2 protein chains.
Amino acid sequence: MTSINVEKYKLSDKTAKLTAKDIIPVVQSSDSAETREFLNKIAELLVDYVNIQNDRKEKILDFHHPEDMKKLLTLDIPEDAVTLQQLVKDCAMTLKYQVKTGHPHFFNQLSCGLDVVSMAGEWLTATANTNMFTYEIAPVFILMENVVLSKMRKIIGWDGGDSILAPGGSISNLYAFLAARHKMFPNYKEHGARALPGELVMFTSDQCHYSVKSCAAVCGLGTDNCVMVPSDEHGRLIPAELERLILERKARGQIPFFVNATAGTTVLGAFDPINAVADICEKYNCWFHVDAAWGGGLLLSKKYRHPRFTGIERCDSITWNPHKLMGALLQCSTIHFKEDGLLISCNQMSAEYLFMTDKLYDISYDTGDKVIQCGRHNDIFKLWLQWRSKGTEGFGKHMDHLMELAEYEVKRIKQQSDKFYLIMEPECVNVSFWYIPKRLRGVPHDAKKEQELAKICPIIKSRMMMSGTLMVGYQPDDRRPNFFRSIISSIAVTEADVDFMLNEIDRLGQDL
Amino acid sequence: MTSINVEKYKLSDKTAKLTAKDIIPVVQSSDSAETREFLNKIAELLVDYVNIQNDRKEKILDFHHPEDMKKLLTLDIPEDAVTLQQLVKDCAMTLKYQVKTGHPHFFNQLSCGLDVVSMAGEWLTATANTNMFTYEIAPVFILMENVVLSKMRKIIGWDGGDSILAPGGSISNLYAFLAARHKMFPNYKEHGARALPGELVMFTSDQCHYSVKSCAAVCGLGTDNCVMVPSDEHGRLIPAELERLILERKARGQIPFFVNATAGTTVLGAFDPINAVADICEKYNCWFHVDAAWGGGLLLSKKYRHPRFTGIERCDSITWNPHKLMGALLQCSTIHFKEDGLLISCNQMSAEYLFMTDKLYDISYDTGDKVIQCGRHNDIFKLWLQWRSKGTEGFGKHMDHLMELAEYEVKRIKQQSDKFYLIMEPECVNVSFWYIPKRLRGVPHDAKKEQELAKICPIIKSRMMMSGTLMVGYQPDDRRPNFFRSIISSIAVTEADVDFMLNEIDRLGQDL
């Protein structure tokens, strides 16, 4: 097995010269050999890529700067059709230079890995090519949504409620914000800010995902009225600070109405204290949203669910992205509400011309009027198929396995404390650390040393990319300059891969 | 070729019994025969489906009411993993009961058809499974976005500008709204409605897509401040009415700031008069947005671009969905801005922890900070590959072909004026008509007759679905009760299919 060979994927002489006009559905045929040959060749390439990606001797990426990459690729769109053979080559070329996000040494994003079953599901989704607004045109997928989303709500701890899939966690958080505002101020939809007795204020920790703050900009509060609550040194929201800030804003005559707690912060993987935040929300009559886009997968884990999610059933809404920790293909994000009926009353614009009520079937299955996107991509099938491929028990064990690998990484970092500095014991699969190059080993750890360690993060990262052997992210946070944050969410990772990561950073950085 | 045979797709005895745990990437192998066999079997099923879908003797759907459908399918998620063979069967079962949206007799949605090349592109997208926020993890796809989006802006008539792909036209319209507000009131982002000297008001025709009105609900204006401008009997916004309503709102001390014109309305396919609206926007200093989600494809057509899009280069922003008329796979929506730099200054939340500035490469290629979703699905590859498969010239001719088929349909309706009543000459591929059953032929056309014709639309529609032979939509509008609206956006449709549609409606409805 070697890297993608762009020249390998040859169509027969006859098919090679054809163009898209010569295959189904332009060609009027109930079975076309040329169409089959073209699609089979694409499938062959993709299956090769899946196998190659899993080969640890393969590079993760073949890095080129944008201007150089443009010269390696033929990206322009010609006036005339290219041949089927050229299209196959285009596909091969694209994969040759794409970053292998499913490679076992890719620890770079919250979404790592390639679940082969979920991928097969996404192929089918493409082929079925339907839109999710009505049972009329997506009967099977609409029913799957019902089954999976109600199962997720049961796992959260709710019997009823309502849910929807959204294009990413940021939009899921936006749905929560909108429903909260609508629930508290049902006239807002028609009358806007005029309907309110004062300015709305929302609260979230300073470690939250930036999409929470973005709601304030998008929806008319202004980011000034998204109050950032300080977090402790582990990155967890401080409840006493939340209460102090709510009182401060109330004293100004403003209306605290929405509190976000994060279950798994982006950088540190911290879990805000759910019960303490829930108590405050109850006391001050605020909507309680939990952004578990990242940590949500641990709801499936018997071993790690508590104490992280203890009290989760008390929240009003929760964002949970199966495309992150659970490894469903991108994108797959869900938002769940304790109260049924809010999504539709908040978002429907009564587009009778699209969502007719005089239909043949029970239109309560139609979802188009519940959402702000109108048409929705089918994001359920890949998750449904993947979940069946593991079973609920197996999915929970898979979550445990990822956490155990992160624990293994922590153990290995501690065992090599001359070379690595563990920033904190993680609550999720985010492991935050500095690499200590030779010249700094034995030097006492202080702010000045941190500045030195921070400087080498971008250098090691660029060496990783140039050598193509490893991908691990780094970033600063409010308390610290640049540090590495590895993520173990790939189904492909083993303990040996974790060791490879640490050894490779050492190899790339020891001269720094 | 017959319908999907759920039992046909047999894995070898050895592979059939395995589960997801036994294939890549859980199995540590650099090439796994079982993984190949599983994926090849899925590909075989999908290629069969593509061929079956194109067989005109096949039913489009096998309709069952939701409660019955649940009994036919096994949708539940078990505690334990199902086998690979069961997963293959799950896929086959799903396709057996899914509506064939690419069938040549599916005229039901704005998005009909299945472009096989675009589908192959989406398979690759699934396999590459990356997120579009940075060049670091999506180098090839980010460059493709640049190439395709700047080509689209050139076609619009702009040399510079900026664009982004969004999850559907509704979110694209939301981007336009946000950029407009930010451009006019840059303090709004921080200070919200407090930053404004008065209430904002937006304008759109009463035929617009409901997502325009939804912006007013989401973003804090309230739907009261989304003014619906009357349209003429062809569904086109009346400029004099727009000006009158702007003046009326100004007289109230409100601030008109945003006007939407629709290029291809959802029901009638009407094109609002662009130059006339542009003049009014200039006069009253309003942002001029064009929602060409539906009609945008005609920008590619030398034959049909004018007069529909004459003056389009005068707009400030334009939504254009290649997943509609152009037949790219769902979803593929674009939003374009005349002014560069607005997207980032409007939407960035300075999430330094995600979008670092000390990187190895030119970070102007990173897009994460420009968007409200953070992570974005890769929606470019399917469009890029499809566009290359046709060439720009060929894509334009394909648009012409769809329009010519709609003209053919109009001609055939007129030729059978005893059986069909054409509601108007269409400007797009939407053809609006009533079917006249035997008992009503020869009766003079008046409001009372329209009520009768309207009543039979849902009946014929349910007969279509029960017989599975045809799918055409119907809806009421502001002027008329229920009428049929057929859409020709499928690459599979021929003149014979158009004749089939009309004949089949006649067959299903003549006794009514």
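The rules behind the values
Residues numbered from 1 in each chain as written. Chains lettered and ligands numbered in written order. Predicted model: local features only at pLDDT ≥ 70, side-chain atom pairs only at ≥ 80, totals over all residues. Heavy atoms only, no water. Helix = DSSP H or I, 4+ residues; strand = E, 2+ residues; numbered from the N terminus. Rg over C-alpha atoms; globule rule 2.2 N^0.38 Å. Buried < 20%, exposed > 50% of the residue type's maximum accessible area, 1.4 Å probe, protein only. Contact = heavy atoms within 4.5 Å. Lys, Arg positive; Asp, Glu negative; His and termini not counted. Charge placed at Lys NZ, Arg CZ, Asp CG, Glu CD. Pairing = 2+ DSSP bridges. Axes fitted to C-alpha atoms, helices over the stretch in contact; angles between N-to-C directions. Salt bridge = Lys/Arg side-chain N within 4 Å of Asp/Glu carboxyl O. Polar contact = N/O pair within 3.5 Å; in protein donor to acceptor, adjacent residues only side chain to side chain. Nonpolar A, V, L, I, M, F, W, Y, C, P; charged D, E, K, R; others polar. UniProt positions renumbered as here; feature names shortened; annotations may be inferred. Least-squares fit on C-alpha atoms with pLDDT ≥ 70 in both. Domains from an automatic or database assignment. Phe/Tyr/Trp six-rings, centres within 6.5 Å; stacked < 30°, edge-to-face > 60°. Core = buried A, V, L, I, M, F, W, Y, C linked by side-chain atoms within 4.5 Å. Expected span 1.5 Å × (residues − 1). Parallel < 35°, antiparallel > 145°, perpendicular 65-115°, else oblique. Left-handed = near helix turned anticlockwise from the far one by under 90°.

Engineer: Even after reading the chapter, I still don't get the overall build of chain A, so can you show me in this structure?
Structural biologist: Check the secondary structure of chain A and you find 16 helices and 12 strands. A compact globule built from 512 residues should have a C-alpha radius of gyration of about 24 Å, and chain A, at 25 Å, falls within 12% of that. A principal-axis box enclosing the C-alpha atoms of chain A has dimensions of 80 × 75 × 45 Å. For chain A, buried positions account for 69% of its 512 residues. Sequence-distant contacts, at least 24 apart, represent 73% of the contacts inside chain A between residues at least 6 apart. Taking the 59 positively charged and 65 negatively charged side chains of chain A as two groups, their mean positions are separated by 4 Å.

Engineer: It is not clear to me how the sheet that holds strand β5 (residues 255–262) of chain B should be interpreted in this structure. Could you clarify?
Structural biologist: Backbone hydrogen bonds hold the strands of a sheet together, and the pairing may be parallel or antiparallel. Residue and element names in this part refer to chain B. Spatially, the 7 strands line up as an open sheet ordered β2-β8-β7-β6-β5-β3-β4, and their pairing is mixed. Of all the strands in the sheet, just β2 (162–166) and β4 (226–229) have a single pairing partner and so form its edges. Taking each pair of neighbouring strands and ignoring which way they run, the sheet shows an average axis angle of 20°. In this fold helix α11 (residues 274–284) packs onto β5 and β6 (287–292), with an angle of close to 155° to the strand it touches most, β6.

Engineer: In this structure, what is going on with the interface of chain A and chain B? I would like to understand it.
Structural biologist: The parts lose accessible area when they come together, and the size of an interface is often stated as this lost area. Each partner contributes to the interface: chain A provides 162 residues, whereas chain B provides 162 residues. At the junction of chain A and chain B, the tally comes to 10 salt bridges. Put simply, Arg36(B) and Asp48(A) hold a salt bridge, and the shortest N to O gap is 2.8 Å. Summed over the shared surface of chain A and chain B, the number is 77 residue pairs in polar contact (both at pLDDT 80 or more). In terms of residue count, the dominant contributor to the side of chain A that touches chain B is helix α2 (residues 33–53) of chain A (13 residues). Taken together, the residues that form the side of chain A that touches chain B break down as 88 nonpolar, 45 polar and 29 charged.

Engineer: Would you mind going over the environment of Ile318(B) with me for this structure?
Structural biologist: All names here are of chain B. Turning to its location among the elements, Ile318 is positioned in strand β7 (residues 317–320). It is 36 Å that separates the C-alpha atoms of Ile318 and Glu450, two residues lying 132 residues apart in sequence. Ignoring sequence-local partners within four residues, the contact set of Ile318 consists of Ile156, Trp158, His289, Val290, Ala292, Leu299, Ile312, Thr334, Ile335 and His336.

Engineer: I keep staring at the UniProt feature "modified residue: N6-(pyridoxal phosphate)lysine" (unreviewed entry) in chain A and nothing clicks. Help me out?
Structural biologist: Residues and elements named next belong to chain A. According to UniProt, the feature "modified residue: N6-(pyridoxal phosphate)lysine" (unreviewed entry) maps to Lys324 in the numbering used here. In this structure, Lys324 sits in the loop between β7 (317–320) and β8 (333–337). With residues near it in sequence (within four places) discarded, Lys324 still touches Leu110, Ser111, Ala293, Trp294 and Ser489.

Engineer: Help me understand the relation of the copies chain A and chain B, please; the structure alone is not making it clear to me.
Structural biologist: The second copy of the chain is related to the first by a rotation about an axis and a shift along the axis. Taken as rigid bodies, chain A and chain B are interconverted by a rotation of 180° and an axial shift of 0.0 Å, the fit giving an RMSD of 0.0 Å. Given the turn and translation reported, the copies of this chain are related as if by a two-fold rotation axis. Closest to the rotation axis within chain A is the C-alpha of Cys219(A), separated from it by 2.0 Å.

Engineer: I tried to follow the domain arrangement of chain A on my own but got confused; where do I start?
Structural biologist: Domains assigned within chain A are domain 1 (1–99), domain 2 (123–390) and domain 3 (402–508). Taking only C-alpha atoms, the centre of domain 1 of chain A and the centre of domain 2 of chain A are 39 Å apart.

Engineer: Would you take a moment to explain the side chain of Asn430(B) for this structure?
Structural biologist: In this fold, Asn430(B) is placed in strand β10 (residues 430–435). The residues contacting Asn430(B), other than those within four sequence positions of it, are Leu110(B), Thr265(B), Thr266(B), Val267(B), Leu268(B), Gly269(B), Trp294(B), Arg485(B), Ser486(B) and Ile487(B).

Engineer: I would appreciate a short explanation of the packing of aromatic side chains in the present structure.
Structural biologist: Centre distance and the angle of the planes are the two values used to describe a pair of aromatic rings. Applying the stated criterion to the full structure yields 35 aromatic pairs over all chains. Seen in terms of ring centroids, Phe177(A) and Phe257(A) are 5.5 Å apart; in terms of plane orientation they differ by 85°. Their pairing is edge-to-face. Here Phe177(A), found in helix α7 (residues 169–184), pairs with Phe257(A), found in strand β5 (residues 255–262); they are 80 residues apart in sequence, far enough to count as distant. Pair check on accessibility: Phe177(A) and Phe257(A) agree, each one buried. Centre to centre, the rings of Tyr421(A) and Trp434(A) are 5.7 Å apart; their planes meet at 45°, and the pair counts as tilted. Taken together, the positions of Tyr421(A) in strand β9 (residues 420–422) and Trp434(A) in strand β10 (residues 430–435) put the pair 13 residues apart, joining distant regions of the chain. Look at Tyr421(A) and you get partly exposed, because its relative accessible area is 31%. What makes Trp434(A) buried here is its relative accessible area of 1%. Here the aromatic residues Phe63(A), Tyr135(B), Tyr361(B) and Tyr365(B) are joined through ring pairs into a cluster of three or more.

Engineer: Is there a simple way to think about the nonpolar core in this case?
Structural biologist: In a soluble, globular protein the nonpolar side chains are often hidden away together inside. Membership of the largest hydrophobic core comes to 318 residues, with the highest contact counts inside it found for Phe38(A), Trp123(A) and Phe38(B). With residues near it in sequence (within four places) discarded, Trp123(A) still touches Leu46(A), Val47(A), Leu39(B), Ile42(B), Ala43(B), Leu46(B), Trp123(B), Ala126(B) and Thr127(B). Counting 68 residues, the second largest nonpolar core, distinct from the first, contains Phe177(A), Tyr188(A), Val371(A) and Ala216(B).

Engineer: What is the right way to look at helix α9 (residues 210–219) of chain A in this model?
Structural biologist: In an α-helix there are 3.6 residues to a turn, and that puts residues three or four apart on one side. Residues and elements named next belong to chain A. For α9, the tally of buried residues reaches 9 of 10 residues, placing the bulk of the element in the interior. Taken together, the buried positions of α9 are occupied by Tyr210, Ser211, Val212, Ser214, Cys215, Ala216, Ala217, Val218 and Cys219. Directly beyond the C-terminal end of α9, a positive phi value near 110° is found at Gly220.

Engineer: Looking at this structure, I do not really get helix α2 (residues 33–53) of chain B. What am I missing?
Structural biologist: For α2(B), spanning 21 residues, the distance from its first C-alpha to its last is 30 Å, which sits close to the expected 30 Å at 1.5 Å a residue. Across the 21 residues that make up α2(B), a large majority, 16, are buried.

Engineer: Which parts of the structure should I look at to understand unusual backbone geometry?
Structural biologist: Note on backbone geometry: most residues besides glycine have negative phi, and most peptide bonds are trans. That bond from His306(B) to Pro307(B) is cis: its omega, 5°, falls within 30 degrees of zero. Along the polypeptide, Pro307(B) turns up in helix α12 (residues 305–308). Residue Gln331(B) follows Leu330(B) across a cis peptide bond; omega there is -10°. Along the polypeptide, Gln331(B) turns up in the loop between β7 and β8 (333–337). One non-glycine residue, Asn129(A), lies in positive phi territory at about 40°. If you trace the backbone, Asn129(A) turns up in the loop between α5 (116–128) and α6 (139–156). Asn129(A) sits in the buried class, given a relative accessible area of 9%. You will see that Cys374(A), though not glycine, has its phi angle at about 65°, which is positive. In this fold, Cys374(A) is placed in the loop between α13 (342–347) and α14 (381–415). A residue is classified by how much of its surface remains accessible, and Cys374(A), at 8% relative accessible area, is buried.

Engineer: Just to check I follow, could you spell out the side chain of Asn225(B) for this structure?
Structural biologist: Relative to the assigned elements, Asn225(B) resides in the loop between α9 (210–219) and β4. A relative accessible area of 2% means that Asn225(B) is categorised as buried. For Asn225(B), the side chain forms a polar contact with the side chain of Gln254(B), separated by 3.3 Å. Beyond its immediate sequence surroundings of up to four residues, Asn225(B) is in contact with Arg194(A), Glu199(B), Leu200(B), Val201(B), Met202(B), Arg249(B) and Gln254(B).

Engineer: Help me out: how do you make sense of the pairing of β10(B) in this one?
Structural biologist: All names here are of chain B. Across the 6 residues of β10, 6 count as buried, placing the element largely inside the fold. Where β10 lies against strand β12 (residues 483–487), 4 bridges are found, and the strand directions are antiparallel. Bridge assignment links Val431 to a residue of β12, and that residue is Ser486.

Engineer: It is not clear to me how the pairing of strand β12 (residues 483–487) of chain A should be interpreted in this structure. Could you clarify?
Structural biologist: Residues in a regular strand point their side chains to alternate faces of the sheet. All names here are of chain A. For β12, a buried count of 5 out of 5 residues is recorded, marking the element as mostly surrounded by other parts of the structure. The side-chain alternation of β12 yields two buried faces, one formed by Phe483, Arg485 and Ile487 and the other by Phe484 and Ser486. Judged from the 3 bridges that link them, strand β11 (residues 471–475) and β12 form a sheet pairing that is antiparallel. The partner of Gln475 across the bridge, within β12, is Phe483.

Engineer: Looking at this model, I keep getting lost on the packing of α14(A) against helix α4 (residues 84–97) of chain B. Mind explaining?
Structural biologist: Packed helix pairs are specified by the crossing angle of their axes together with the interaxial distance, meaning the distance between the axes. Direction vectors running N to C along α14(A) and α4(B) enclose 150°, while the axes themselves pass 10 Å from each other. Taken together, the axes of α14(A) and α4(B) lie roughly antiparallel to each other. Crossing geometry of α14(A) relative to α4(B) is assigned as right-handed. Between α14(A) and α4(B), the residues in contact are Phe381(A), Trp384(A), Leu385(A), Arg388(A) and Ser389(A) and Gln86(B), Leu87(B), Asp90(B), Cys91(B) and Thr94(B), respectively. Classifying every residue of the contact of α14(A) with α4(B) by side-chain character gives 5 nonpolar, 3 polar and 2 charged.

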